[in-house]
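Listed here are the chains, written in short residue letters.
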Amino acid sequence: MEKKSQLDYSLGSEDQLAWKKKYFFDPRGIGFLEPGIVGLDDATMSAYNVAKSSYQIHPEVFNMEYLSKATKLDKKDIIKRMKRMYNEHLIMYVMNPATQVYGYGLYYWFVKLKEGTSETEKAELAQWFQNKDDICTGYKCKDGDFDFYNGNHMRVLDNLLSTVITPCKDNPCVEFVHICPIRRDIRESHVNMWDSTSETFRDNIWGTGQLEKLAKMQKLLDLNDLKIFKALNDKKPVKDMFDFKVLHQISGLDENDMLNGFKSLVEEKRIIVPLFHLNFPKLGLTEKMFVIKMFQTTPSYRKAEIVDDLVAIPEFNMVKEFSDAFYDAVCFAYNEISDIDALRKKISSYAEVEEIKESNVDWMFRRWVCRLDEKNGFWEECVFTDDFLEDRTDKNSPLYCTIAGKEDKK
C-alpha cells in the first residue's frame, strides 16, 4: 500500500479505497469509503445498539473494570453516579457516523436575524428549529454575529434548500442564512472524529485544569462525576469499551460477534465514533463560537494546515472545517473555563485570517438527531426525517413554510 501524503486526510483500508484507482484525480465530494458500509441496524452495530437502549438503567453495560481503574472509584459508586447523571439529563450516550461514507452531505448553516427582532419572535423560530426533524444538530446563539447555528446531513442538496433553508429565509425576521458544507468534521464533544489525523483519531481532548474548574463552578457534577464522564470517552480499544458479558445477558447475542462487529466499524473502517455528550447548558456553561474567514487567495492545503494547528489547542471542544462557503472553519470553547482572549489572539495571529466572527452559544436543540429538549419530555428522543424519498419536483408536495405564515397543502 502506498504511503499516504501528509495532506491525505481520507481514512480507510486498501479495499475501501480501491474503487478510486480508476480515476486520475480523486472524485470531489462525498462517498470516499462507501464500499463496506453497513446500516445502523446491521449485526455489526449490535454492541452499540444494545448499550444505547439499556445503559439508562444498566450502566454496567460499560466496562466497570476499566472505569474503576481509570477513576480510582468503586464500581458500585460508578454505576450509582452514572444512573444519577443520566436521570438528571446531564449526559447522553450518542454515536457519530461518518456521514460522507453513508452517502450524505453534511451542511451547517448560520442564521442572522434582523435588527429589532423581538425575543418572542426569536423564541418562535427556535421552537421551529427544535421540532424540525430534518435538522440533526442545532444551537441558539446570543450576543454576537449570529443567532443560530444548525446542521443537516442530507442526500440531496435541493431538499435541504426546499425543506429547511428556504422556509427559514422566508421568515421576515431573518436577515441571511449562510450554508457551510463540511470539508472535515474534526472534533465533536471533545472527541476527535474521522477527519482528524490517523494518530489522533478518537482522542478525548480537554484543556489543562478544565475539569477542575468545571467541578468548582457548578453543583450538579463533582470532580469524580467528571472523571467518570471523561473516562467513558477516553480512547480505548473496543474490547475495553463495553462489558460484553452484560451485553450478552441483556440481549442473548454472542459476545464475540458483538465485539468483532463493532471493532470492525470503530477501529478498522473508522466510520463510527461512539461517545457521551455533556449537557453543557444545564451546567451553566456557554460556548464561545469562533467563525473563521480566511482570505480567498489562501490555498486549500494551507487552510487545512491552519485548522490542524487550531485542533492542537485542547480548549477547543469542537472544530469543523468548511468548503465552498463564506467561512472556512468554526471552533467552540467554553467561556467559563477557557482563556477566550488567548484563543482569539491565537486565531488572529495567522496572516491568512481575514476576519473572525463570534457568538455565544447558550442552548442546544439536538445532538446528531438526539433531542435535548427535556422540558418538553423529549430527552434522547431520536426522530430524524430522511429526505431521500422526497421529490421536490412534485407539485403536490407539501409546503414547508409554516414559519413564513403559509399553510401546508392537504
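Residues numbered from 1 in each chain as written. Predicted model: local features only at pLDDT ≥ 70, side-chain atom pairs only at ≥ 80, totals over all residues. Heavy atoms only, no water.

1. Here we look at the overall build of the chain
Part 1 of the reasoning: Each helix and strand counted, the chain has 12 helices and 12 strands in total.
Part 2 of the reasoning: Scored against the burial criterion, the 410 residues of the chain give a buried share of 53%.
Part 3 of the reasoning: Taking the contacts inside the chain whose residues are at least 6 apart along the sequence as the reference set, 73% of them involve residues at least 24 apart. (Helix = DSSP H or I, 4+ residues; strand = E, 2+ residues; numbered from the N terminus. Buried < 20%, exposed > 50% of the residue type's maximum accessible area, 1.4 Å probe, protein only. Contact = heavy atoms within 4.5 Å.)

2. Some details on helix H2 (residues 46-54)
Given 3.6 residues per turn, any residue in an α-helix points the same way as the ones three and four places further on.
Part 1 of the reasoning: Summarising burial for H2: 7 of the 9 residues are buried, a large majority.
Part 2 of the reasoning: Within the span of H2, buried status applies to Ser46, Ala47, Tyr48, Val50, Ala51, Lys52 and Ser54.

3. A word on the pattern of salt bridges
Part 1 of the reasoning: Within this structure, the stated rule accounts for 30 salt bridges.
Part 2 of the reasoning: Between Arg81 and Asp222 there is a salt bridge, with its nearest N and O atoms 3.0 Å apart. A residue pair is termed long-range when its members are at least 10 positions apart, and Arg81 in helix H4 (residues 75-87) and Asp222 in the loop between helix H7 (210-217) and helix H8 (223-233) qualify at 141 residues.
Part 3 of the reasoning: When the shortest N-O distance is used, the salt bridge between Asp185 and Lys320 registers 3.2 Å. Of the two residues, Asp185 is situated in strand E5 (residues 174-188) and Lys320 in strand E9 (residues 318-322); the sequence distance between them amounts to 135 residues. For the residue pair Asp185 and Lys320, the accessibility class agrees, reading buried in each case.
Part 4 of the reasoning: One connected set of salt bridges, linked through shared partners, spans Asp77, Arg81, Arg84, Glu88, Asp222 and Asp225. (Salt bridge = Lys/Arg side-chain N within 4 Å of Asp/Glu carboxyl O.)

4. Quick notes on the side chain of Asn152
Part 1 of the reasoning: You can see Asn152 is positioned in strand E4 (residues 148-154).
Part 2 of the reasoning: There is a polar contact of 2.7 Å between the side chain of Asn152 and the side chain of Trp109.
Part 3 of the reasoning: What Asn152 contacts, discounting residues up to four positions off in sequence, is Gly105, Leu106, Tyr107, Trp109, Asp134, Ile135, Cys136, Leu160 and Val164. (Polar contact = N/O pair within 3.5 Å; in protein donor to acceptor, adjacent residues only side chain to side chain.)

5. Concerning the side chain of Asn279
Part 1 of the reasoning: Within the secondary structure, Asn279 is located in the loop between strand E7 (272-278) and strand E8 (287-294).
Part 2 of the reasoning: When its relative accessible area of 7% is taken as the criterion, Asn279 is described as buried.

6. Focus: the environment of Tyr350
Part 1 of the reasoning: The topology assignment puts Tyr350 in the loop between helix H12 (340-348) and strand E11 (353-367).
Part 2 of the reasoning: Taking relative accessible area as the criterion, Tyr350 reaches 9% and is therefore assigned buried.
Part 3 of the reasoning: A polar contact is formed between the side chain of Tyr350 and the side chain of Lys346, at a distance of 3.5 Å.

7. Some remarks on helix H11 (residues 300-311)
Part 1 of the reasoning: Here H11 contains 12 residues, and its C-alpha end-to-end distance of 16 Å stays within 8% of the 16 Å for a straight helix at 1.5 Å per residue.
Part 2 of the reasoning: Along H11, the residues classified as buried are Lys303, Ala304, Ile306, Val307, Leu310 and Val311. Around the axis of H11, the buried residues are gathered within 165° of arc, so they sit on the same side. (Expected span 1.5 Å × (residues − 1). Arc of directions from axis to C-beta.)

8. Notes on unusual backbone geometry
Part 1 of the reasoning: We note that Ser189 has phi near 50°; this positive angle belongs to a residue other than glycine.
Part 2 of the reasoning: In this structure, Ser189 sits in the loop between E5 and strand E6 (191-192).
Part 3 of the reasoning: Phi is positive for His190, close to 80°, though the residue is something other than glycine.
Part 4 of the reasoning: Structurally, His190 is set in the loop between E5 and E6.

9. Looking at the packing of helix H3 (residues 64-71) against H8
Part 1 of the reasoning: Viewed as axis vectors pointing N to C, H3 and H8 meet at an angle of 125°, and their least axial separation amounts to 10 Å. Between H3 and H8, the angle is such that the two are oblique. By crossing handedness, the relation of H3 to H8 is classed as right-handed. Contacts between H3 and H8 involve Tyr66, Leu67, Ala70 and Thr71 on the former and, on the latter, Lys227, Ile228, Ala231 and Leu232.
Part 2 of the reasoning: Of the residues contributing to the contact of H3 with H8, the split by class is 6 nonpolar, 1 polar and 1 charged. (Axes fitted to C-alpha atoms, helices over the stretch in contact; angles between N-to-C directions. Parallel < 35°, antiparallel > 145°, perpendicular 65-115°, else oblique. Left-handed = near helix turned anticlockwise from the far one by under 90°. Nonpolar A, V, L, I, M, F, W, Y, C, P; charged D, E, K, R; others polar.)

10. Describing the packing of aromatic side chains
Part 1 of the reasoning: For the coordinates displayed, the defined rule picks out 32 aromatic pairs.
Part 2 of the reasoning: Seen from their ring centres, Tyr55 and Tyr93 are 5.8 Å apart, and the 70° between their planes marks the pair as edge-to-face. One end of the pair, Tyr55, is in the loop between H2 and H3; the other, Tyr93, is in strand E1 (residues 91-97), with 38 residues separating them in the sequence. A single burial state applies to Tyr55 and to Tyr93, both of which are buried.
Part 3 of the reasoning: Every member of this aromatic cluster is reached through a ring pair, and the members are Tyr108, Phe110, Tyr139, Phe146, Tyr149, Phe176, Phe322, Phe326, Tyr327 and Phe332.
Part 4 of the reasoning: It is Lys122 that lies over the ring of Phe148; its NZ or CZ is 5.9 Å from the centre.
Part 5 of the reasoning: Lying across the ring of Trp363, Lys375 places its NZ or CZ 5.8 Å from the centre. (Phe/Tyr/Trp six-rings, centres within 6.5 Å; stacked < 30°, edge-to-face > 60°. Lys NZ or Arg CZ within 6 Å of the ring centre and 35° of its normal.)

11. Focus: the confidence of the model for the chain
Part 1 of the reasoning: Mean pLDDT over the chain: 89, with 88% of residues reaching 70 or higher.
Part 2 of the reasoning: For residues 1-11, every residue scores under 50 in pLDDT, and the model assigns this stretch 17 contacts once sequence neighbours within four places are set aside.
Part 3 of the reasoning: Counting interchain partners and residues more than four positions distant, the pLDDT-below-50 stretch residues 399-410 has 23 contacts. (pLDDT = per-residue confidence, 0-100.)

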